[in-house]
Amino acid sequence: MNLMTPFFLGFITAFIGIIPPGLINMTAAKVNLKEGKKNALWFVLGAVLVIFFQVFIAIFFARVIDRRPDLVALLREVGFGIFVTLTIYFLWLAKKPKTKSRKIKKNSKTNRFFLGIFLSSINFFPIPYYVFVSVTLSAFKLFTFDMTSIFVFVIGAVFGSFSVFYFYIVFFIKIENKTDYILRNMNTIIGSITGLISTVTLWNIIKYYWQS
């Protein structure tokens, strides 16, 4: 199998999942503004270290699930219900988020490294996200659960995550005003993404029962 495929899929999956402004990438950007690029990069290294293990755990969960067609079908149905609910919530029910300024005290590189580990550790979204994505990619025959592909996919996800964090560190000053706009419209962005995922998932469910 071409190793560039799982690497690219891991990279794109991570990029899509992390590019919306969130706690980790916004903190990385603001550490850079307050304390400099070195401390920000130490923060990012701590975050991506945790992401490495989170993606590995998620892929192994997905590997077990993928061996059980009944569990795959159940996961799709559960995922469809969750994403439809999220779509309705973010597009019509959720309040618009307000931008808030955060004060960041100066700390050592070590403190920033462990802060990155801590913030990334309390973010549990990556595990179900990568489970769902990898099972979906497998259903489309784009990804296989052999050890080489898994490892390359994880490396791709780490590089994708680091790239997004680095982008926020380097370009945050230039895009700060646009970032505030994105934050104000984040519900619409997230709702649109979950709506698209819901559509793809529904198509997979229909296809599965049509072929059964």
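I will try to describe carefully the structure that is included in this document. (Residues numbered from 1 in each chain as written. Predicted model: local features only at pLDDT ≥ 70, side-chain atom pairs only at ≥ 80, totals over all residues. Heavy atoms only, no water.)

**What about the packing of aromatic side chains?**
To be explicit about the condition: Only centres within 6.5 Å qualify two rings of Phe, Tyr or Trp (six-membered ring in Trp) as a pair; their planes then separate them into stacked at under 30 degrees, edge-to-face at over 60, and tilted for everything else. Each helix is a run of DSSP H or I of at least 4 residues and each strand a run of E of at least 2, with the numbering of both proceeding from the N terminus. When a residue's accessible area, from a 1.4 Å probe over protein chains only, is under 20% of the maximum for its type it is buried; when over 50% it is exposed; and in between it is partly exposed.
This model, assessed by the stated rule, comprises 17 aromatic pairs. Taking 6.4 Å as the distance between ring centres and 45 degrees as the angle between the ring planes, the aromatic pair formed by F56 and F151 counts as tilted. One end of the pair, F56, is in helix α3 (residues 37-66); the other, F151, is in helix α7 (residues 147-184), and 95 residues separate them in sequence. Classification of F56 as buried rests on a relative accessible area of 17%. For F151, a relative accessible area of 42% translates into the label partly exposed.

**Brief notes about the side chain of E35**
For the record, the criterion: Identification of polar contacts relies on pairs of N or O atoms within 3.5 Å, with a donor-acceptor requirement for protein atoms, meaning one able to donate a hydrogen and the other able to accept it, and with residues adjacent in sequence counted only if both atoms are side-chain atoms.
Mapped onto the elements of the fold, E35 is located in helix α2 (residues 23-35). According to the relative accessible area criterion, E35 is buried, its value standing at 16%. Separated by 2.8 Å, the side chains of E35 and N39 make a polar contact. Within the structure, E35 has its side chain in polar contact with the side chain of R112 (distance 2.6 Å).

**Quick look at the nonpolar core**
What tends to happen in soluble globular proteins is that the nonpolar side chains get buried as a cluster. Rules: Throughout this description, the term nonpolar core refers to a set of buried Ala, Val, Leu, Ile, Met, Phe, Trp, Tyr and Cys residues connected via side-chain atoms within 4.5 Å. Any two residues having at least one pair of non-hydrogen atoms within 4.5 Å are treated as being in contact.
Residues V55, Y130, F143, F153 and F165 are the most contacted members of the largest nonpolar core, which totals 39 residues. Mapped by element, the contributors of at least two residues to this core are α1 (4-18), α2, α3, α6 (126-139) and α7. If you tally residues by element for this core, the top one is α3, at 12 residues. Sequence-distant contacts of V55, that is, excluding residues within four places in its chain, are made with Y130, F153, V154 and A157.

**Description of the packing of α3 against α6**
In a packed pair of helices, the relevant descriptors are the angle between the two axes and the axis-to-axis distance. Counted only if it meets this: Structural elements are reduced to axes, namely lines fitted to C-alpha atoms, with helices fitted over the stretch in contact, and the angle between N-to-C directions of any two is expressed from 0 to 180 degrees. The cut-offs work like this: below 35 degrees is roughly parallel, past 145 is roughly antiparallel, 65 to 115 is roughly perpendicular, and the gaps in between are oblique. Each crossing gets its handedness from the near helix: less than a right angle anticlockwise from the far helix is left-handed, clockwise is right-handed. By the convention adopted, Pro, Cys, Tyr, Trp, Phe, Met, Ile, Leu, Val and Ala count as nonpolar, Lys, Arg, Asp and Glu as charged, and the other residues, Gly among them, as polar.
Remark: α3 packs on α6, axes separated minimally by 8 Å, with the N-to-C direction vectors making an angle of 45 degrees. Considered as vectors, α3 and α6 are oriented oblique to each other. Regarding α3 and α6, the two cross each other, and that crossing is right-handed. Taking contact as the criterion, the partners of Q54, V55, A58, I59, F61, A62, I65 and D66 in α3 are, on α6, P126, I127, Y130, V131, S134, V135 and S138. Residue composition of the contact of α3 with α6, by class: 11 nonpolar, 3 polar and 1 charged.

**A word on the packing of α2 against α3**
Taken N-terminus to C-terminus, the directions of α2 and α3 make an angle of 155 degrees; their axes are 7 Å apart at the nearest point. Regarding the angle of α2 to α3, the classification is roughly antiparallel. The handedness of the crossing between α2 and α3 is right-handed. Only K37, N39, A40, F43, V44 and A47 of α3 make contact with α2, whose side of the interface consists of I24, T27, A28, V31, N32 and E35. By residue class, the composition of the contact of α2 with α3 is 7 nonpolar, 3 polar and 2 charged.

Everything listed here is a matter of coordinates, which is why it stays silent on function.
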